Amino acid sequence: IMKTFKTKGGSELIISQIKGKDYLMVAQRIIWFREEHPDYTIETEIIKLAQDSCLSKAYIKDSSGRIISMSHKFEDAKGFPDFIEKSETGAIGRALALSGFGTQFCADDLDEGKRLADAPIESKNNNVTFDNYKPEKVGTNNGNRSKNEL
């Protein structure tokens, strides 16, 4: 049975299965994005190109040129013979997911696994609520924090 996702505009997007998880291919995300924002742009840039690897960057911009999201993707020849295209497509897919197009169907694209992008910290107060939350003071020493502030 083929799974689909119906957009507000009526397009039926095909949901693939990758490693047992729902995945919305980048081409499908672009259809959805163009349907909702025909005046927005997708811009890409190759950041670094080597003989056997490529790092690409993709931007999603609104009609005024304001950046809505930006993402990178690195690929190499070991993973894909067409690594340049895969790098660019991956960056576009991640940028679209960060903009809300297919986020729920991006399988491992945004899954950090054991390699967390942010550093978890131990809470000093396990009973934090919205009512008693007070952010810690951060120094304003031109962005340089002292050892005690880290």
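Quick caveat, the model's predicted, so the values are computed rather than measured.

Calculation rules
Residues numbered from 1 in each chain as written. Predicted model: local features only at pLDDT ≥ 70, side-chain atom pairs only at ≥ 80, totals over all residues. Heavy atoms only, no water. Helix = DSSP H or I, 4+ residues; strand = E, 2+ residues; numbered from the N terminus. Buried < 20%, exposed > 50% of the residue type's maximum accessible area, 1.4 Å probe, protein only. Contact = heavy atoms within 4.5 Å. Core = buried A, V, L, I, M, F, W, Y, C linked by side-chain atoms within 4.5 Å. Phe/Tyr/Trp six-rings, centres within 6.5 Å; stacked < 30°, edge-to-face > 60°. Polar contact = N/O pair within 3.5 Å; in protein donor to acceptor, adjacent residues only side chain to side chain. Pairing = 2+ DSSP bridges.

Along its length, the protein carries two helices and six strands. If you list the helices and strands of the protein from N to C, you get β-β-β-α-β-β-β-α. In the protein, which comprises 150 residues, the proportion classed as buried is 25%. A separation of at least 24 residues holds for 41% of the contacts in the protein among residues at least 6 apart in sequence.

This paragraph deals with unusual backbone geometry. Of note in this structure, Lys19 is not a glycine but carries a positive phi near 55 degrees. Looking at the secondary structure, you find Lys19 in the loop between β2 (12–18) and β3 (21–24). The exposed category is assigned to Lys19, whose relative accessible area is 71%.

Within soluble globular proteins, side chains that are nonpolar generally end up buried alongside one another. Among the nonpolar cores identified, the biggest contains 16 residues, and Leu24, Phe33 and Leu96 are the most heavily contacted of them. Within the residue set of this core, elements represented by two or more residues are β2, β3, α1 (26–36), β5 (53–61) and α2 (83–98). In terms of residue count, the dominant contributor to this core is α2 (four residues). What Leu24 contacts, discounting residues up to four positions off in sequence, is Leu13, Ile14, Ile15, Arg29, Trp32, Gly102 and Phe105.

A full pass over the atoms with the stated rule returns four aromatic pairs. Taking the centre distance of 4.8 Å and the plane angle of 50 degrees together, the rings of Phe5 and Trp32 count as tilted. You can see Phe5 sitting in strand β1 (residues 3–6) and its partner Trp32 sitting in helix α1, a full 27 residues away along the chain. Look at Trp32 and you get buried, because its relative accessible area is 7%.

Mapped onto the secondary structure, Ser87 falls in helix α2. Judged by relative accessible area, Ser87 falls into the buried class, the value being 0%. A distance of 2.8 Å separates polar atoms of two side chains, one belonging to Ser87 and the other to Ser56.

Examined bridge by bridge, strand β4 (residues 41–49) and β5 share eight bridges and lie antiparallel to one another. Bridge assignment links Glu43 to a residue of β5, and that residue is Tyr59. Counted between consecutive antiparallel strands, the loop separating β4 from β5 contains three residues.

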